[in-house]
Amino acid sequence: MSILGRFAARADRFTTGIILSVIMGLLLPCSGHCAAAFDMLTNIAITLLFYLYGVKLSRASVIAGLLNWRLQSMVLLFTFAFFPIVVPLLQPVFEPLVGASLYAGLIYVACLPSTVQSSIAFTSVAGGNVPAAVCSASVSSLLGVLLTPLLVSLLFARSGGTAADIGPQTILNICYQILFPFILGQFCRKWLKDWVARHKQLISWNDQTTIWLVIYTSFSGATVSGYWGQLAPLHLCGLIFICLVILLCTYACTYYSSKALGFNREDRITIVFCGSKKSLAVGAPMMLAIFGTLDNNLLLPLMIFHQVQLMTCAQLARRWHLHGADSGGY
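Small disclaimer: the values here were computed from a predicted structure and weren't measured.

### As for the overall build of the chain
Counting secondary structure elements, the chain contains 14 helices and zero strands. As displayed, the chain offers around 14400 Å² of accessible surface, 69% of which is attributable to carbon and sulfur atoms.

### So, the nonpolar core
Y108 and F273 are the most contacted members of the largest nonpolar core, which has 90 residues in total. Residue contributions to this core peak at 14 residues, all from helix 14 (residues 296–323). Residues contacting F273, with those up to four places away along its chain left out, are S119, F122, T123, A126, C313, L316, A317 and W320. V55, C188, V196 and I203 belong to the second largest nonpolar core, which has six residues in total.

### Here's the deal with the packing of helix 4 (residues 69–89) against helix 11 (residues 233–260)
When two helices pack together, their arrangement is given by the angle between their axes and by how far apart the axes lie. Contact geometry of helix 4 with helix 11 gives a least axis separation of 12 Å together with a crossing angle of 140°. When the axes of helix 4 and helix 11 are compared, the pair comes out oblique. Judged by the twist between their axes, the crossing of helix 4 over helix 11 is right-handed. Mapping the contact onto sequence places M74, F78, F82, F83 and V87 in helix 4 and I246, T250, C253, T254, S257 and S258 in helix 11.

### Digging into the packing of helix 7 (residues 117–126) against helix 12 (residues 265–275)
Put simply, helix 7 and helix 12 touch, their axes get as near as 9 Å, and they point 150° apart. Classified by the angle their axes make, helix 7 and helix 12 are roughly antiparallel. In the packing of helix 7 onto helix 12, the handedness of the crossing is right-handed. Contact with helix 7, carried on its side by S119, F122, T123 and A126, involves R265, I269, T270, F273 and C274 of helix 12 and no other residues of that element.

### A word on the environment of Q72
With respect to the element layout, Q72 can be found in helix 4. Residue class for Q72 comes out buried when judged on its relative accessible area of 8%. At 2.5 Å, the side chain of Q72 forms a polar contact with the side chain of S136.

### A short note on a nonpolar patch on the surface
Nonpolar side chains collect at one region of the surface, where I19, L20, I23, M24, L26, L27 and L28 lie side by side and expose about 670 Å² of accessible area between them. The topology assignment puts L27 in helix 1 (residues 3–27).

### Regarding the confidence of the model for the chain
Looking at the chain, pLDDT values average 82 and 89% of them are 70 or higher. Residue range residues 325–330 is modelled with pLDDT below 50. Its contacts to residues more than four positions away, or to other chains, number 17 contacts.

### Observations concerning the side chain of T79
As for its position among the elements, T79 is in helix 4. Taking relative accessible area as the criterion, T79 reaches 0% and is therefore assigned buried. Separated by 2.8 Å, the side chain of T79 and the backbone oxygen of V75 make a polar contact. Ignoring anything within four residues of it in the chain, the contact list for T79 reads P84, A110, L112, P113, S114, S140, C274, G275 and K278.

### Here we look at the environment of M286
Its place among the elements puts M286 in helix 13 (residues 280–291). Taking the C-alpha atoms as reference points, M286 and N173, 113 residues apart in sequence, are found 8.7 Å from one another. Sequence-distant contacts of M286, that is, excluding residues within four places in its chain, are made with Y108, G144, V145, T148, I174 and I178.

### Some remarks on helix 12
Counting buried residues along helix 12, 10 of its 11 residues qualify, which places the element largely inside the surrounding structure. Every buried residue belonging to helix 12 is among R265, D267, R268, I269, T270, I271, V272, F273, C274 and G275, and all of these are buried.

### Focus: the packing of aromatic side chains
Summed over all chains, the structure comprises 15 aromatic pairs. Between F83 and F305, the aromatic rings sit 6.1 Å apart at their centres with planes inclined by 75°, giving edge-to-face as the arrangement. Placement of F83 in helix 4 and of F305 in helix 14 is noted, with a sequence separation of 222 residues between them. Since its relative accessible area comes to 2%, F83 is described here as buried.

### Some thoughts on the side chain of D267
Residue placement: D267 occurs in helix 12. Of the side chains with opposite charge, R70 lies nearest to the buried D267, which makes no salt bridge, at 6.3 Å. Here the side chain of D267 touches N129 through a polar contact of 3.0 Å, side chain to side chain. When residues no more than four places from it in sequence are discounted, the contact partners of D267 are N68, L71 and N129.

### Re the state of the cysteines
In this structure the tally under the stated criterion is zero disulfides. Not engaged in a disulfide, the cysteine C30 finds its nearest cysteine sulfur in C34; these two sulfurs lie 4.4 Å apart. The class for C30 is buried, based on a relative accessible area of 8%. What makes C34 partly exposed here is its relative accessible area of 37%.

Cut-offs used in this document
- Residues numbered from 1 in each chain as written.
- Predicted model: local features only at pLDDT ≥ 70, side-chain atom pairs only at ≥ 80, totals over all residues.
- Heavy atoms only, no water.
- Helix = DSSP H or I, 4+ residues; strand = E, 2+ residues; numbered from the N terminus.
- Areas by Shrake-Rupley, 256 points an atom, 1.4 Å probe, with all protein chains shown as cover.
- Core = buried A, V, L, I, M, F, W, Y, C linked by side-chain atoms within 4.5 Å.
- Buried < 20%, exposed > 50% of the residue type's maximum accessible area, 1.4 Å probe, protein only.
- Contact = heavy atoms within 4.5 Å.
- Axes fitted to C-alpha atoms, helices over the stretch in contact; angles between N-to-C directions.
- Parallel < 35°, antiparallel > 145°, perpendicular 65-115°, else oblique.
- Left-handed = near helix turned anticlockwise from the far one by under 90°.
- Polar contact = N/O pair within 3.5 Å; in protein donor to acceptor, adjacent residues only side chain to side chain.
- Patch = residues over 30% accessible without salt bridge, like charges linked within 9 Å, V, L, I, M, F, W, Y side chains within 5 Å.
- Salt bridge = Lys/Arg side-chain N within 4 Å of Asp/Glu carboxyl O.
- pLDDT = per-residue confidence, 0-100.
- Phe/Tyr/Trp six-rings, centres within 6.5 Å; stacked < 30°, edge-to-face > 60°.
- Lys, Arg positive; Asp, Glu negative; His and termini not counted.
- Disulfide = S-S within 2.5 Å.

Quick look at the structure:
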C-alpha cells in the first residue's frame, strides 16, 4: 500500500471514530459517577498522549529543522499572527452566519498551534520537507503553551467571547497537562524510543483514542445539558462554510507568499501544511486548562475546522503526490 493509501486508511479510521464518538455522546450520554470516571480517563489519556509525543520526537530532527529558520518563521507567522488577525477581522462579516458564541469558538481556533501528526503525514505524502515539518509542528505545539493563552486573553477581551481568566494557575494547568509530560517523555526517550518505534500502530491508536474520549465526554455533557436543542441547523452549515473559506484563503496566502519569497517546492509544501493547521489534540486540553471546562461552543468549531482541514489537505496532498511538481498554482 502506498504512503497515500496508508494515510487515507488512518484518516478513515480516525474520522469513523469521531463520528461514532459523536453518535454515542448523543444517544448514550453519561452522567453522575460515570461522567466523572470518563473525565478522569480523558485527563489520563491526554497526559499519556503528550508523554509519548515527547518520547517520539527526535532531537536531531528538531535541530535539522531549526536550521531552516526562514521556513520556521513563515509557519509561526501564519499560525500565531495571520490567523489571530484575520479571523477577528472577518467577525463583522461572518458572525451573523453562526452567532456570537460559535464565532468565539472560531477565534479560539485561531489562537491554537499547528497539528503535529497530520502536518507531517501530509507533507510526506506531497513530497515536502519532512524534517522541517517535524520541527515546525513540534515547535508550534510547544510555543502554543505560552502563546495560546495570551492570544485567547487578548482576543476574547476584544471580541466579547467567553471569559478567559489567564493567570499563573492557568499556565500551571497547561504545563501539568502538556509541557511537563512532554519534557518527561524527552527525558525517557533514550530508554523507550526503540519500544515506541516498534509499536507505532499502538501509539497511533492511543493518539486517536484520546481525541475520541474528549469528543465523547464533551458531546455527552452537551446532550445532558440540552445544548443541541439550542443549536440552529443554519448555524452549523454556516460554520462549515466559514471554516472552508478561512482555510482556502490560508492555503492561497501560505503558498503564494512562500513562492514570492523564493522558497523551493518542498519548503512551500511544508509551509502550506504546517502553517494552515490547527490542533484538536492540543486545543481540547488547552480549553480545559484555560476555561475549566469543555465548552461546546468552542469545541464544535474546533472539530468542524479539524475535519475540513483534513479533507482539503488530503486533496492538496493527493494533487502534489500525483503530479510531483507545480501544476497550475497548487
